[in-house]
Amino acid sequence: MLIITLGITALNFATVWMFRPPGDMSIRGPLTITFIQAVVVMAVGLSISYLMTRMRRQQRSLEDANLRLSHYASTLEQLATSRERNRLAREMHDTLAHTLSGLSVQLETVKAYWDVDHDMAKTSLENALKPPGPVWKKPAGL
């Protein structure tokens, strides 16, 4: 930054010095103009440098926030998957427990009728061995 400012200042001073009116040996005017321009160029350069540094910091902060957000989204997705698996496991467990309880009651019925009414025991056993039908049946006419 300093080298660029010195180069521009030297070039500007040489230009002002070369195009001064003939016979004018005063150096005060060109030096003042050159100094003001050097200060302006230095201020602009420092401002740009500050803004670039700030932009880099914001970029790093944004990358960190994006990484945290990606991690959060991944964790949330895993949690949702785990909840759904647990729900399905509970549903399967409850369905299986209900089916086994019903089968146990039917087999107790078969056992109770086994010596008393063999035909009724056989019918009960056949009913117990039938696969369960759908939980919901479509009403007639739909």
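Residues numbered from 1 in each chain as written. Predicted model: local features only at pLDDT ≥ 70, side-chain atom pairs only at ≥ 80, totals over all residues. Heavy atoms only, no water.

Draft legend 1. Examining helix H2 (residues 28-114) more closely. The terminal C-alpha atoms of H2 lie 128 Å apart, and with 87 residues this matches the ideal 129 Å at 1.5 Å per residue to within 8%. When H2 is considered as a whole, its buried residues turn out to be Pro30, Thr34, Ala38, Gly45 and Val110. Looking at the buried side of H2, the elements it contacts are helix H1 (2-18) and helix H3 (118-129). (Helix = DSSP H or I, 4+ residues; strand = E, 2+ residues; numbered from the N terminus. Expected span 1.5 Å × (residues − 1). Buried < 20%, exposed > 50% of the residue type's maximum accessible area, 1.4 Å probe, protein only. Contact = heavy atoms within 4.5 Å.)

Draft legend 2. Up close: the pattern of salt bridges. Here the structure, examined in full by the defined rule, presents two salt bridges. For the salt bridge of glutamate 84 with arginine 87, the shortest nitrogen-to-oxygen distance reads 2.7 Å. With glutamate 84 and arginine 87 both in helix H2 and three residues apart, the pair spans about one turn of that helix. Residue glutamate 84 is classed as partly exposed on the basis of its relative accessible area, which comes to 36%. Overlapping salt bridges bring together Glu84, Arg87 and Glu91 as one network. (Salt bridge = Lys/Arg side-chain N within 4 Å of Asp/Glu carboxyl O.)

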